[in-house]
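Spelled out from the first residue to the last, the chains are:
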Amino acid sequence: HIRNTLDLLVDFNVKRYEAAMLIGEIARHSGLPPTTIRYYEDIGLVPKPARAPNGYREYEPAEVDRLRFIRDAQDSGLTLAEIASILELRAQGEPTCRHTIELLERHLEDVERRLESLIASRDLYAALIARARTLAPADSTDPDRCQTISGALVAPDHAHEPHRDRGLLGSG
């Protein structure tokens, strides 16, 4: 899926339409709801279209491909701000692939950090469950607190942090 996005970054003007389109038509062709298209106009991702005498928006046919690109880039995990930076480079006639790869690499690094955190959380849960299975409920000294959680295993780098800062799993 990312390869398709990179292909689109090089030239997202793939299919041409002949006449100006109303918002319902461009929505149908782009796969985006009209409210999303209007939002993209408001934040500057899509140029504000010309207005017909009756006040209806009239979109240029090339905007279908721009909207599809925005949709595909978002589906690839890029933020609207990142997409705007790609579109700005393109508007300046600059190549976009290197910039896009850098953005995707940052996202990959973030995913890897979150994955490490999830693995640590999984290990903590597994340790708590293993500990709970060795404790006898009758040995609990505090009726208001489960001894499984009391003095719970805490990741060493968070052992002295207040509970509210550690989050649910003892890792922040």
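Residues numbered from 1 in each chain as written. Predicted model: local features only at pLDDT ≥ 70, side-chain atom pairs only at ≥ 80, totals over all residues. Heavy atoms only, no water.

(A) Spatial organisation of the packing of helix H5 (residues 80–91) against helix H6 (residues 97–134). One can describe the packing of H5 onto H6 by two numbers: an axis separation of 10 Å at closest approach and a directional angle of 165 degrees. Taken as axis vectors, H5 and H6 run roughly antiparallel relative to one another. You can see that H5 and H6 cross each other, and the crossing is right-handed. From H5, Glu 82, Ser 85, Ile 86 and Leu 89 reach across to H6, where they touch His 99, Thr 100, Leu 103 and His 107. Of the residues contributing to the contact of H5 with H6, the split by class is three nonpolar, four polar and one charged. (Axes fitted to C-alpha atoms, helices over the stretch in contact; angles between N-to-C directions. Helix = DSSP H or I, 4+ residues; strand = E, 2+ residues; numbered from the N terminus. Parallel < 35°, antiparallel > 145°, perpendicular 65-115°, else oblique. Left-handed = near helix turned anticlockwise from the far one by under 90°. Contact = heavy atoms within 4.5 Å. Nonpolar A, V, L, I, M, F, W, Y, C, P; charged D, E, K, R; others polar.)

(B) Here's a closer look at the side chain of Arg 57. For Arg 57, the position within the fold is in strand E2 (residues 57–58). Within the local environment of Arg 57, its side chain forms a polar contact with the side chain of Glu 41, the two groups lying 3.0 Å apart. Contacts of Arg 57, omitting those with residues within four sequence positions, involve Met 21, Leu 22, Ile 23, Arg 38, Glu 41, Pro 49, Ala 50 and Arg 51. (Polar contact = N/O pair within 3.5 Å; in protein donor to acceptor, adjacent residues only side chain to side chain.)

(C) Here's a closer look at the packing of aromatic side chains. Per the counting criterion, the structure on display carries one aromatic pair. Ring centres 6.3 Å apart and planes at 50 degrees place the aromatic pair Tyr 39 and Tyr 40 in the tilted group. Owing to a relative accessible area of 42%, Tyr 39 belongs among the partly exposed residues under this scheme. (Phe/Tyr/Trp six-rings, centres within 6.5 Å; stacked < 30°, edge-to-face > 60°. Buried < 20%, exposed > 50% of the residue type's maximum accessible area, 1.4 Å probe, protein only.)

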